[in-house]
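A structural walkthrough
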Amino acid sequence: TLFHQKCRQDFYPSSNVKRFAVPNEKIPWTVEYPEYKPVAYTAAALKGKPWADPEINESTFKPKWNAVNDKVNRKSFMGNYVVNADGYPLNPVGRTGIVGRGLLGRWGPNHAADPIVTRWKRDNAGIVEVDKQTGKPVLQFVAIQRRDSGEWAIPGGMIDPNETVSTTLMREFMEEALNFLEMDDAERKILQNSITEFFTKGDEIYKGYVDDPRNTDNSWMETVAINFHDEENNVVGKLTLKAGDDARNVRWMDLNKEINLYANHSDFVKTVVSRRKAHW
Ligand code: RP5
Ligand code: MG
Ligand code: MG
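In this text, all values refer to a predicted model and were calculated from it rather than measured experimentally.

Here we come to the coordination of the magnesium ion (ligand 2). For the magnesium ion (ligand 2), the full set of protein donor atoms is Glu 172 (OE) and Glu 176 (OE), and the range of their distances to it is 2.0 to 2.3 Å. Between the magnesium ion (ligand 2) and the magnesium ion (ligand 3), both coordinated by Glu 176, there is a metal-metal distance of 3.3 Å. On the criterion of helical spacing, the pair formed by Glu 172 and Glu 176 is a turn pair, its members being four residues apart in helix H1 (residues 165–177). A relative accessible area of 6% means that Glu 172 is categorised as buried.

Below, the structure is given as C-alpha coordinates:
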(Lines give C-alpha, C1' and ligand atoms only; values in the text may rest on other atoms or scores of the structure.)
(Ligands and ions follow the chains in the order given, each with its own letter.)
Protein backbone atom coordinates (compact mmCIF):
# COMPACT_ATOMS: atom_id res chain seq x y z
CA THR A 1 0.00 0.00 0.00
CA LEU A 2 1.18 3.47 -0.84
CA PHE A 3 2.09 5.86 1.84
CA HIS A 4 3.74 9.25 2.06
CA GLN A 5 7.01 9.18 3.97
CA LYS A 6 9.75 10.89 2.00
CA CYS A 7 7.31 13.50 0.77
CA ARG A 8 6.20 14.43 4.28
CA GLN A 9 9.66 15.25 5.63
CA ASP A 10 9.85 18.57 7.48
CA PHE A 11 11.65 20.66 4.89
CA TYR A 12 11.01 20.66 1.17
CA PRO A 13 14.25 19.71 -0.74
CA SER A 14 16.72 22.53 -1.57
CA SER A 15 14.61 25.09 0.28
CA ASN A 16 13.81 26.35 3.75
CA VAL A 17 10.10 25.76 3.17
CA LYS A 18 8.58 23.76 5.99
CA ARG A 19 5.76 21.38 5.11
CA PHE A 20 2.54 21.57 7.10
CA ALA A 21 2.71 18.50 9.36
CA VAL A 22 0.22 15.84 8.22
CA PRO A 23 -0.36 12.96 10.64
CA ASN A 24 -0.55 9.47 9.11
CA GLU A 25 -4.31 9.16 9.46
CA LYS A 26 -4.89 12.53 7.73
CA ILE A 27 -3.04 11.66 4.53
CA PRO A 28 -6.08 10.46 2.50
CA TRP A 29 -8.24 13.22 1.00
CA THR A 30 -11.29 11.21 2.06
CA VAL A 31 -10.48 11.96 5.71
CA GLU A 32 -11.71 15.42 6.67
CA TYR A 33 -9.05 17.78 7.91
CA PRO A 34 -10.46 21.31 8.35
CA GLU A 35 -7.27 22.50 10.12
CA TYR A 36 -5.17 21.64 7.08
CA LYS A 37 -3.27 24.78 5.94
CA PRO A 38 -0.63 23.59 3.47
CA VAL A 39 2.21 25.93 2.55
CA ALA A 40 2.34 27.18 -1.06
CA TYR A 41 5.67 26.67 -2.79
CA THR A 42 6.76 26.62 -6.42
CA ALA A 43 10.49 27.08 -7.03
CA ALA A 44 11.19 30.39 -8.82
CA ALA A 45 13.56 28.55 -11.18
CA LEU A 46 10.62 26.85 -12.95
CA LYS A 47 9.43 30.09 -14.52
CA GLY A 48 9.89 30.09 -18.29
CA LYS A 49 11.62 26.69 -18.38
CA PRO A 50 10.66 24.75 -21.53
CA TRP A 51 10.19 21.54 -19.48
CA ALA A 52 7.86 23.24 -16.98
CA ASP A 53 4.16 24.12 -17.18
CA PRO A 54 2.92 27.70 -16.75
CA GLU A 55 0.87 28.66 -13.70
CA ILE A 56 -2.60 27.06 -13.61
CA ASN A 57 -4.43 30.37 -14.04
CA GLU A 58 -2.44 31.55 -17.07
CA SER A 59 -4.95 32.02 -19.89
CA THR A 60 -2.75 30.28 -22.48
CA PHE A 61 -2.51 27.13 -20.34
CA LYS A 62 -5.30 24.73 -21.27
CA PRO A 63 -4.24 21.28 -20.09
CA LYS A 64 -6.45 18.23 -20.60
CA TRP A 65 -6.13 16.38 -17.32
CA ASN A 66 -6.02 12.58 -17.22
CA ALA A 67 -5.10 12.55 -20.90
CA VAL A 68 -2.11 12.64 -23.20
CA ASN A 69 -1.75 16.28 -24.31
CA ASP A 70 -0.09 15.83 -27.65
CA LYS A 71 3.43 15.47 -26.28
CA VAL A 72 2.93 15.60 -22.54
CA ASN A 73 1.51 12.59 -20.76
CA ARG A 74 -0.85 13.84 -18.04
CA LYS A 75 -2.32 10.41 -17.37
CA SER A 76 -1.61 8.71 -14.08
CA PHE A 77 -0.83 5.04 -13.50
CA MET A 78 -3.01 5.39 -10.41
CA GLY A 79 -6.25 5.87 -12.35
CA ASN A 80 -8.04 9.19 -12.82
CA TYR A 81 -6.89 11.84 -10.37
CA VAL A 82 -9.22 14.52 -9.08
CA VAL A 83 -8.96 18.16 -10.14
CA ASN A 84 -10.19 20.49 -7.40
CA ALA A 85 -12.62 23.40 -7.73
CA ASP A 86 -9.71 25.85 -8.31
CA GLY A 87 -8.38 23.75 -11.18
CA TYR A 88 -5.48 22.05 -9.38
CA PRO A 89 -4.88 18.30 -9.78
CA LEU A 90 -4.76 16.41 -6.49
CA ASN A 91 -2.04 13.96 -5.46
CA PRO A 92 -3.63 10.48 -5.73
CA VAL A 93 -2.05 9.26 -2.49
CA GLY A 94 -3.14 12.28 -0.43
CA ARG A 95 -1.82 15.26 1.49
CA THR A 96 1.86 16.28 1.58
CA GLY A 97 1.74 19.60 3.49
CA ILE A 98 2.62 21.68 0.39
CA VAL A 99 0.58 23.04 -2.52
CA GLY A 100 2.08 24.29 -5.77
CA ARG A 101 4.73 22.42 -7.74
CA GLY A 102 7.81 22.75 -5.55
CA LEU A 103 10.66 21.71 -7.84
CA LEU A 104 8.55 19.66 -10.25
CA GLY A 105 7.82 20.98 -13.72
CA ARG A 106 4.39 19.50 -14.34
CA TRP A 107 1.11 19.90 -12.57
CA GLY A 108 -0.19 16.41 -11.85
CA PRO A 109 1.99 13.42 -12.74
CA ASN A 110 5.65 13.93 -13.68
CA HIS A 111 6.69 10.79 -15.55
CA ALA A 112 10.12 9.23 -15.09
CA ALA A 113 11.82 5.96 -15.99
CA ASP A 114 14.23 3.99 -13.79
CA PRO A 115 16.76 1.51 -15.24
CA ILE A 116 17.77 -1.08 -12.62
CA VAL A 117 20.94 -2.62 -14.08
CA THR A 118 22.07 -5.71 -12.18
CA ARG A 119 24.78 -8.39 -12.17
CA TRP A 120 25.97 -11.08 -9.75
CA LYS A 121 28.75 -10.08 -7.36
CA ARG A 122 31.93 -11.98 -8.23
CA ASP A 123 35.41 -12.38 -6.73
CA ASN A 124 38.61 -11.75 -8.71
CA ALA A 125 38.44 -15.27 -10.12
CA GLY A 126 34.95 -14.59 -11.43
CA ILE A 127 33.17 -16.84 -8.92
CA VAL A 128 29.74 -15.60 -7.84
CA GLU A 129 29.63 -14.67 -4.15
CA VAL A 130 27.10 -16.60 -2.09
CA ASP A 131 26.04 -15.12 1.24
CA LYS A 132 27.05 -17.36 4.16
CA GLN A 133 23.87 -16.75 6.08
CA THR A 134 21.19 -17.05 3.43
CA GLY A 135 23.07 -19.28 1.01
CA LYS A 136 21.91 -17.07 -1.84
CA PRO A 137 23.99 -15.28 -4.50
CA VAL A 138 24.61 -11.57 -3.96
CA LEU A 139 23.15 -9.23 -6.56
CA GLN A 140 24.61 -5.79 -7.37
CA PHE A 141 23.03 -2.88 -9.17
CA VAL A 142 24.38 0.31 -10.70
CA ALA A 143 23.67 3.07 -8.18
CA ILE A 144 24.30 6.77 -8.58
CA GLN A 145 24.68 9.39 -5.90
CA ARG A 146 22.32 12.25 -6.63
CA ARG A 147 23.76 15.75 -6.69
CA ASP A 148 20.59 17.28 -5.23
CA SER A 149 20.25 15.26 -2.02
CA GLY A 150 23.49 13.28 -1.82
CA GLU A 151 21.43 10.09 -1.54
CA TRP A 152 22.15 6.95 -3.56
CA ALA A 153 19.54 6.11 -6.15
CA ILE A 154 18.62 4.32 -9.35
CA PRO A 155 19.98 6.41 -12.28
CA GLY A 156 16.52 7.41 -13.47
CA GLY A 157 15.20 10.52 -15.10
CA MET A 158 12.24 12.32 -16.57
CA ILE A 159 10.63 11.14 -19.79
CA ASP A 160 11.01 13.98 -22.28
CA PRO A 161 7.95 14.95 -24.34
CA ASN A 162 7.51 12.47 -27.19
CA GLU A 163 10.21 10.15 -25.85
CA THR A 164 9.43 6.45 -25.41
CA VAL A 165 10.09 4.85 -22.04
CA SER A 166 12.79 2.60 -23.49
CA THR A 167 14.64 5.62 -24.94
CA THR A 168 14.57 7.36 -21.57
CA LEU A 169 15.85 4.28 -19.74
CA MET A 170 18.95 3.93 -21.88
CA ARG A 171 19.54 7.68 -22.22
CA GLU A 172 19.42 8.33 -18.48
CA PHE A 173 21.66 5.35 -17.77
CA MET A 174 24.22 6.59 -20.30
CA GLU A 175 24.06 10.17 -18.99
CA GLU A 176 24.23 9.47 -15.27
CA ALA A 177 26.26 6.24 -15.05
CA LEU A 178 28.49 6.44 -18.14
CA ASN A 179 28.94 10.20 -18.59
CA PHE A 180 27.57 10.11 -22.14
CA LEU A 181 27.08 13.88 -22.33
CA GLU A 182 30.83 14.52 -22.09
CA MET A 183 31.77 12.01 -24.78
CA ASP A 184 32.64 12.90 -28.36
CA ASP A 185 30.59 11.49 -31.24
CA ALA A 186 32.91 8.55 -31.85
CA GLU A 187 32.84 7.49 -28.19
CA ARG A 188 29.07 7.84 -28.12
CA LYS A 189 28.67 5.56 -31.14
CA ILE A 190 30.88 2.88 -29.65
CA LEU A 191 29.01 3.01 -26.36
CA GLN A 192 25.57 2.93 -27.99
CA ASN A 193 26.56 -0.02 -30.18
CA SER A 194 27.76 -1.96 -27.15
CA ILE A 195 24.63 -1.58 -25.00
CA THR A 196 21.62 -0.99 -27.27
CA GLU A 197 20.79 -4.69 -27.49
CA PHE A 198 21.21 -5.16 -23.73
CA PHE A 199 18.61 -2.45 -23.15
CA THR A 200 16.02 -4.21 -25.32
CA LYS A 201 15.53 -7.08 -22.84
CA GLY A 202 14.16 -5.81 -19.56
CA ASP A 203 11.74 -7.02 -16.91
CA GLU A 204 9.13 -4.62 -15.64
CA ILE A 205 9.50 -4.22 -11.89
CA TYR A 206 7.19 -1.35 -11.04
CA LYS A 207 4.86 1.11 -12.66
CA GLY A 208 3.22 3.85 -10.62
CA TYR A 209 3.54 6.52 -7.97
CA VAL A 210 6.94 7.30 -6.42
CA ASP A 211 7.29 8.50 -2.83
CA ASP A 212 9.66 11.25 -3.99
CA PRO A 213 10.66 14.04 -1.55
CA ARG A 214 9.72 16.62 -4.22
CA ASN A 215 6.05 15.61 -4.36
CA THR A 216 3.37 18.11 -3.41
CA ASP A 217 -0.42 18.06 -3.20
CA ASN A 218 -0.59 19.08 -6.87
CA SER A 219 2.54 17.56 -8.48
CA TRP A 220 4.05 14.14 -8.03
CA MET A 221 6.48 11.64 -9.54
CA GLU A 222 5.45 8.44 -11.29
CA THR A 223 7.81 5.95 -12.85
CA VAL A 224 8.32 2.78 -14.84
CA ALA A 225 11.18 0.76 -13.32
CA ILE A 226 12.75 -1.89 -15.54
CA ASN A 227 15.42 -4.44 -14.62
CA PHE A 228 18.20 -5.13 -17.14
CA HIS A 229 20.35 -8.01 -15.97
CA ASP A 230 23.93 -8.68 -17.06
CA GLU A 231 23.99 -12.40 -16.23
CA GLU A 232 27.55 -13.05 -17.46
CA ASN A 233 28.93 -9.65 -16.45
CA ASN A 234 30.10 -9.05 -19.99
CA VAL A 235 28.00 -6.14 -21.23
CA VAL A 236 27.65 -3.31 -18.71
CA GLY A 237 29.96 -5.26 -16.38
CA LYS A 238 32.80 -4.67 -18.85
CA LEU A 239 32.32 -0.90 -19.05
CA THR A 240 33.94 1.68 -16.81
CA LEU A 241 31.28 3.51 -14.87
CA LYS A 242 31.63 7.29 -14.73
CA ALA A 243 29.18 9.66 -13.08
CA GLY A 244 27.70 12.39 -15.24
CA ASP A 245 24.93 14.98 -15.47
CA ASP A 246 22.93 15.04 -12.21
CA ALA A 247 24.98 12.20 -10.66
CA ARG A 248 27.93 12.94 -8.38
CA ASN A 249 29.13 9.36 -8.03
CA VAL A 250 28.40 5.95 -9.49
CA ARG A 251 29.17 2.38 -8.44
CA TRP A 252 28.04 -1.22 -8.37
CA MET A 253 26.27 -1.53 -5.03
CA ASP A 254 25.58 -4.79 -3.19
CA LEU A 255 21.92 -5.44 -2.57
CA ASN A 256 20.77 -6.47 0.90
CA LYS A 257 18.25 -5.34 3.49
CA GLU A 258 20.65 -2.66 4.80
CA ILE A 259 20.26 -0.63 1.63
CA ASN A 260 18.79 2.87 1.98
CA LEU A 261 18.05 4.68 -1.26
CA TYR A 262 16.42 7.90 -2.51
CA ALA A 263 12.59 8.11 -2.54
CA ASN A 264 11.24 4.53 -2.37
CA HIS A 265 13.87 3.09 -4.69
CA SER A 266 14.71 0.49 -2.01
CA ASP A 267 11.28 -1.08 -2.63
CA PHE A 268 12.02 -1.35 -6.35
CA VAL A 269 15.42 -3.03 -5.92
CA LYS A 270 13.95 -5.37 -3.31
CA THR A 271 11.46 -6.59 -5.93
CA VAL A 272 14.36 -7.31 -8.31
CA VAL A 273 16.15 -9.26 -5.58
CA SER A 274 13.16 -11.48 -4.90
CA ARG A 275 12.48 -12.07 -8.62
CA ARG A 276 16.10 -13.13 -9.12
CA LYS A 277 16.14 -15.19 -5.90
CA ALA A 278 19.16 -13.28 -4.66
CA HIS A 279 20.43 -12.62 -1.15
CA TRP A 280 18.66 -9.89 0.81
C1 RP5 B 1 12.38 9.64 -8.94
O2 RP5 B 1 13.04 10.75 -9.50
C3 RP5 B 1 12.26 8.65 -10.06
O4 RP5 B 1 12.12 7.35 -9.53
C5 RP5 B 1 13.53 8.88 -10.85
O6 RP5 B 1 14.59 8.09 -10.34
C7 RP5 B 1 13.88 10.34 -10.58
C8 RP5 B 1 13.67 11.25 -11.77
O9 RP5 B 1 14.00 12.58 -11.45
P10 RP5 B 1 15.42 13.22 -11.75
O11 RP5 B 1 16.48 12.17 -11.48
O12 RP5 B 1 15.41 13.61 -13.20
O13 RP5 B 1 15.54 14.38 -10.82
O14 RP5 B 1 11.14 9.99 -8.43
MG1 MG C 1 19.14 12.59 -15.65
MG1 MG D 1 18.11 11.55 -12.65
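Aromatic ring pairs are defined here through the distance separating the ring centres and the angle between the ring planes. What the rule picks out here adds up to 14 aromatic pairs. The interplanar angle of 70 degrees and the centroid separation of 6.5 Å between the aromatic rings of Trp 29 and Tyr 36 together place this pair among those described as edge-to-face. Taking 5.4 Å as the distance between ring centres and 20 degrees as the angle between the ring planes, the aromatic pair formed by Tyr 33 and Tyr 36 counts as stacked. The burial state of Tyr 33 is the same as that of Tyr 36; both residues are buried. Grouping aromatic residues by their ring pairs yields a cluster made of Phe 20, Trp 29, Tyr 33 and Tyr 36. Taking the ring centre of Phe 180 as reference, the NZ or CZ of Arg 188 above it sits at 4.5 Å. Above the plane of the ring of Trp 152 lies Arg 251, whose end atom (NZ or CZ) is 4.7 Å from the centre.

Applying the stated criterion across every chain, the model contains 15 salt bridges. Asp 148 is the salt-bridge partner of Arg 146, the closest N and O atoms lying 2.8 Å from each other. Between Glu 175 and Arg 171 there is a salt bridge; the shortest N-O distance is 3.2 Å. Taken together, the residues span about one helical turn, with Glu 175 and Arg 171 both in helix H1 at a distance of four residues. In this structure, Glu 175 and Arg 171 share a single accessibility class: buried. One network of salt bridges, in which partners are shared, links Asp 160, Glu 163, Arg 171, Glu 172 and Glu 175.

Near ligand 1 the following residues occur: Ala 112, Asp 114, Arg 146, Gly 156, Gly 157, Met 158, Val 210, Asp 212, Arg 214, Met 221 and His 265. Between ligand 1 and Arg 146 there is a distance of 2.8 Å, counted from an oxygen atom to a side-chain nitrogen or oxygen. One of the side-chain nitrogen or oxygen atoms of Asp 212 is found 2.6 Å away from an oxygen atom of ligand 1. Out of a free accessible area of 360 Å², ligand 1 has 94% covered by protein chains.

What counts, and where the lines are drawn
- Residues numbered from 1 in each chain as written.
- Chains lettered and ligands numbered in written order.
- Predicted model: local features only at pLDDT ≥ 70, side-chain atom pairs only at ≥ 80, totals over all residues.
- Heavy atoms only, no water.
- Donors = N, O, S within 2.8 Å, 3.2 Å for Na, K, Ca; no water.
- Helix = DSSP H or I, 4+ residues; strand = E, 2+ residues; numbered from the N terminus.
- Buried < 20%, exposed > 50% of the residue type's maximum accessible area, 1.4 Å probe, protein only.
- Phe/Tyr/Trp six-rings, centres within 6.5 Å; stacked < 30°, edge-to-face > 60°.
- Lys NZ or Arg CZ within 6 Å of the ring centre and 35° of its normal.
- Salt bridge = Lys/Arg side-chain N within 4 Å of Asp/Glu carboxyl O.
- Near = heavy atom within 4 Å.
- Polar contact = N/O pair within 3.5 Å; in protein donor to acceptor, adjacent residues only side chain to side chain.
- Areas by Shrake-Rupley, 256 points an atom, 1.4 Å probe, with all protein chains shown as cover.

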